[in-house]
Structure formats: structure tokens, C-alpha cells
Amino acid sequence: MEPKRKLLATTSSQAQGACPDHMKDRFSDLPNDVAHQILSSVSILDLTRFGTLSKKCRELYLSTPSLNFDEFNNWNKSSYAKQFKLLSSLDRFLVRRRENKIHCFRICWSLSYGKAASLYNELYRVVTWIHMAVRCNVEVLDLELRIPDTTMLELPSCIFLCGSLRSLSVHCNKILTAPSLVSSTNLQYLKLTNVTIDEGFCKWISCSCKCIKELHLEHVEVENITMESSSLESFSFVFPSYCGLCHLNISCEKLEDMHIEWKFASTSSRSFKVFAPNLKYLKWIGNLLNNQNLGKLMCLEKAEIFLKHGVDNNDFSNVLEVLCSVCRAKVLILSGEMTKACGFSKEFWKSQNLAFIDQLKEATIELSNGNNELELARYMLEDAKNLKEMVLVYSPQQSTHIRVVNESKMNSVATARVVFQEKQRK
């Protein structure tokens, strides 16, 4: 970044006074793609200043394919006259660009909480910019819009019909209307944050997004998710606090990476079903369910499972069901809360014939108040023939477990390294 600043500073200094000929307008000697790469990290305000320095700079200013409409929050809170001037300036910039290609367009905009007429004019301008980007064959569109609760927003349908669009990120506190199922798209990446969608939107993704490879839903309010895709490779649903999601059904043959963070107060009327035979990386945080089916995960390389028993879910068979779904795994990380129960010995765990035990190379287990996880760790140490390292996370009052584990290590069929890690006090 420092060379870019120096280059821009040199160009700026030339505009202010005389300087040697060999230092004038260095951008003129650069290939356009190199100059555009340098300008891609420059804010729109600095880009506008840069465009006034020379004819060549103006050409680059109007043809740069990466645009970032950000850092305007303070402007939005100033006078209406300044706001109108800013909006008009950005409008003129996009018009003057004509149909020069836009590769990446980011809009981060907070609508002002003023008069209704001003607010709707502002929203109209933002929507117009999106239309212009679509006409310029935008490939990456990133929208972060902060809109008053009383204002409605409907994303223009041209977004979902844009044949050039490959990546779409939408972050706003609004309801997204499901596009028409007849509209196909070439989207490969879709990220939704802080929005509300319905099953119709999920159906559109399944039916119309035939090229999608990554789908990420963060803080998305939705009642049911059914996702069927023959192209999806990475999926995440992250909602750290309690959410209203009831049913999550994933059927994606090519899915390799899945991250689920789903918490709820009651398991009643909730289900989680997965068909992902090629899944390699699983991270699941939240609550165990009474109705869950992960299928047979034959290709897993790493599984991180941090699940708690709910108030209405103390059935240990749900834990075994999850562990038995993990048919293969080189790395396994388990929370103590998940396997928390009483009375299960090392022999019990051995009798379960957990399929992943022969492939396991690394394991991390958090010990809870009971002995269940300790016995599971002993079983792994003694029977996992390819185990290279085990990390045991324990509390100070569990220090006596260290001796028990070391005894099991002596009986191990593998030469696993055991690391004892004390829990950090909250």
C-alpha cells in the first residue's frame, strides 16, 4: 500500500507546481491494468481528486473497474444541500463512465433519518447506481445498506437477471423478496446478512442458481431452509443468538465445507437433515436435536462439534447418532457439553465401533464435570492406531485426570503426543 501512496503523492505534487520531466505523470507509463489495480484500493473521493490531475488520469478515473462508494456516513448527517451535492456528484461520475466495465462495485450507505422526500430521493439514487452497475456488466456487487425501519426496500430485479454477476453480498435489515423462478443467474457466490427471507428465496437458490459454489447466511431470519444444489461446495448458516429456524434440510452432492451455528430454546418441532456424501469440513455449534440425520460422512477430514443438550433433550442416543455419522475424520474436536453424561466406561465407547477411529490423527476433547469424555479420550488413545496428537482441555479441579490419561497413553497402540490445556477462566 505504501508504494501506491507514494505514487499518488508524486502525481499530486506535480499538479501543484513544476517538477522534473522524468517525474511527471508516472501513470502515463503504466499499462492500464496495472494502474487500475493500484486505483482499486483508492476511495471514490481520492479517485475523484486523482481524475483532475491530467488527461490520462481522467481516462483512468473514468475506466477503473473497481468502485467503492463508502465513507459517506458523516456526509449523510450534514446539511441537505451537501447531501444533494454529493449524490449529484456520484450520479455524474457514473454517467460519465458510460458503459465502461465495472468488475467490482461496493456500496456502503446509511440513509439519513430526515424528511421522507429526502430519504426516498436518497434511496432512489442508490437503486439507480445498482442499475448502472448492471448495465456495465458488474461481476462483484457488495451492498451494505442501513435503512430506517419505516422505509421499504425491494432490490431491483435486474440484479437477479444480470448475466455477468458472479458474486453478490447483501447486508441490510430488510425483507428480501424471492426473485421469479424463471430468472436464471450465473451467481457463484451469495452472502446474505441481517435480512429476512422465506422458503421461496431458498427455492430460487435451489432452482435458479445452477452455478452457485458458496452460500453464506449470517443473522438471516428464516423459518425453514431447504437447499438442493448440484453445484454448491460451501454452505454456512450462522446465527449466534437464538433464532426462529425450525427445519434445515441440505442436499448437496458436491458440498465440501459446512458451518452451522444454530441455537434455540426448545428442540420441539425442529429438524436437521443432511445429504452431503463428499463433505470434508464440518463445524457445528449449537444444540443437539431429537430429529437429526447427517447421513454417512465418508470423506470428512476435520469435524468440529460443539453441541449442548437442551432442557428438553437429554437423550444420549442423539450424541451417538452424530458420532456414528462421522465415518471418517483425521481431525476431531468435541466440546465437553456434547458428551456430558454419567456411567460410560472405556469399554462402552469401544463397543460402539466408531468408524472414524482408525483414520483419526488429531483429537481435541474438552472435559466436563463427569468422566464420560475422559473415558472417550482413553479409548481413543488406546485404540486409534494412527493418532498423532490429543489435546485435553481440563479445569483445575480435574488435574487428577492427567495421571489416568498418562496410564492409557502407555497402553496406546500409537505414539500419540498428549497435550494438557487448562481452561481459561471466564
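The preceding data block contains the structure.
Residues numbered from 1 in each chain as written. Predicted model: local features only at pLDDT ≥ 70, side-chain atom pairs only at ≥ 80, totals over all residues. Heavy atoms only, no water.

Draft legend 1. Spatial organisation of the nonpolar core. Counting 127 residues, the largest nonpolar core has Trp109, Phe235, Phe237 and Met380 as the members making the most contacts within it. Apart from residues no more than four positions distant in its own chain, Phe235 is found in contact with Leu215, Leu217, Leu248, Ile250, Leu255, Asp257, Met258, His259 and Ile260. (Core = buried A, V, L, I, M, F, W, Y, C linked by side-chain atoms within 4.5 Å. Buried < 20%, exposed > 50% of the residue type's maximum accessible area, 1.4 Å probe, protein only. Contact = heavy atoms within 4.5 Å.)

Draft legend 2. Geometry of the pairing of strand S11 (residues 271-275). Pairing geometry for strand S9 (residues 247-252) and S11, over 5 bridges, is parallel. Residue pairing for S11: Ser251 is matched across the bridge by Phe275. Both S11 and strand S13 (residues 292-293) contribute to a ladder of 2 bridges, which runs parallel. Counterpart to Lys273 in the pairing with S13 is Asn293. (Pairing = 2+ DSSP bridges. Helix = DSSP H or I, 4+ residues; strand = E, 2+ residues; numbered from the N terminus.)

Draft legend 3. Just the packing of helix H4 (residues 55-63) against helix H6 (residues 80-97), in detail. Axis separation between H4 and H6 bottoms out at 8 Å; the angle between their running directions is 95 degrees. By the angle between their directions, the pair H4 and H6 is classed as roughly perpendicular. Facing H4, whose interface residues are Arg58, Tyr61, Leu62 and Ser63, H6 presents Phe93, Arg96 and Arg97. Of the residues in the contact of H4 with H6, the class split is 3 nonpolar, 1 polar and 3 charged. (Axes fitted to C-alpha atoms, helices over the stretch in contact; angles between N-to-C directions. Parallel < 35°, antiparallel > 145°, perpendicular 65-115°, else oblique. Nonpolar A, V, L, I, M, F, W, Y, C, P; charged D, E, K, R; others polar.)

Draft legend 4. Molecular detail of the pairing of strand S15 (residues 331-334). Side chains of S15 alternate between two faces, with Val331 and Ile333 and Leu332 and Leu334 buried alike. As paired strands, S15 and strand S16 (residues 362-366) are joined by 4 bridges and run parallel to one another. Among the inter-strand pairings, Leu334 is bridged to a residue of S16, identified as Ile365.

Draft legend 5. Representation of the pattern of salt bridges. Under the criterion given, the structure shown has 15 salt bridges. Across the pair Lys302 and Glu304 runs a salt bridge, and its minimum N-O distance is 3.8 Å. Residue class for Lys302 comes out partly exposed when judged on its relative accessible area of 30%. With its nearest N and O atoms 3.2 Å apart, the salt bridge here joins Arg378 to Glu375. Placement of both Arg378 and Glu375 in helix H12 (residues 372-383) is noted, with a separation of 3 residues, approximately one turn of the helix. Since its relative accessible area comes to 13%, Glu375 is described here as buried. Linked through salt bridges whose partners overlap, the residues forming this network are Asp70, Arg106, Asp142, Glu144 and Arg146. (Salt bridge = Lys/Arg side-chain N within 4 Å of Asp/Glu carboxyl O.)

Draft legend 6. Looking closely at a positive patch on the surface. On the surface, Arg58, Lys82, Lys85, Arg92 and Arg96 cluster together into a positively charged patch. In terms of residues, the positive patch owes the most to one element, H6, which gives 4 residues. Topologically, Lys82 is positioned in helix H6. (Patch = residues over 30% accessible without salt bridge, like charges linked within 9 Å, V, L, I, M, F, W, Y side chains within 5 Å. Areas by Shrake-Rupley, 256 points an atom, 1.4 Å probe, with all protein chains shown as cover. Lys, Arg positive; Asp, Glu negative; His and termini not counted. Charge placed at Lys NZ, Arg CZ, Asp CG, Glu CD.)

Draft legend 7. Region of interest: the sheet that holds S13. Spatial strand order, S7-S9-S11-S13: 4 strands in an open sheet with parallel pairing. What marks the edges here is a single partner per strand, and that holds for strand S7 (224-229) and S13.

Draft legend 8. Quick look at unusual backbone geometry. Here Arg98, not a glycine, exhibits a phi torsion of approximately 55 degrees, which is positive. One can find Arg98 in the loop between H6 and strand S2 (104-110). A relative accessible area of 69% means that Arg98 is categorised as exposed. Look at Asn194: it is not a glycine, yet its phi comes out positive at around 55 degrees.

Draft legend 9. Just the packing of H12 against helix H13 (residues 401-410), in detail. Here H12 crosses H13 at 25 degrees, and the two axes come no closer than 8 Å. Here H12 lies roughly parallel to H13, going by the angle between them. Here H12 and H13 pass one another in a crossing that is right-handed. On the side of H12, the interface is formed by Leu374, Arg378, Leu381 and Glu382, while H13 contributes His401, Val404, Val405, Ser408 and Lys409. Looking at the contact of H12 with H13 residue by residue, the classes come out as 4 nonpolar, 2 polar and 3 charged. (Left-handed = near helix turned anticlockwise from the far one by under 90°.)

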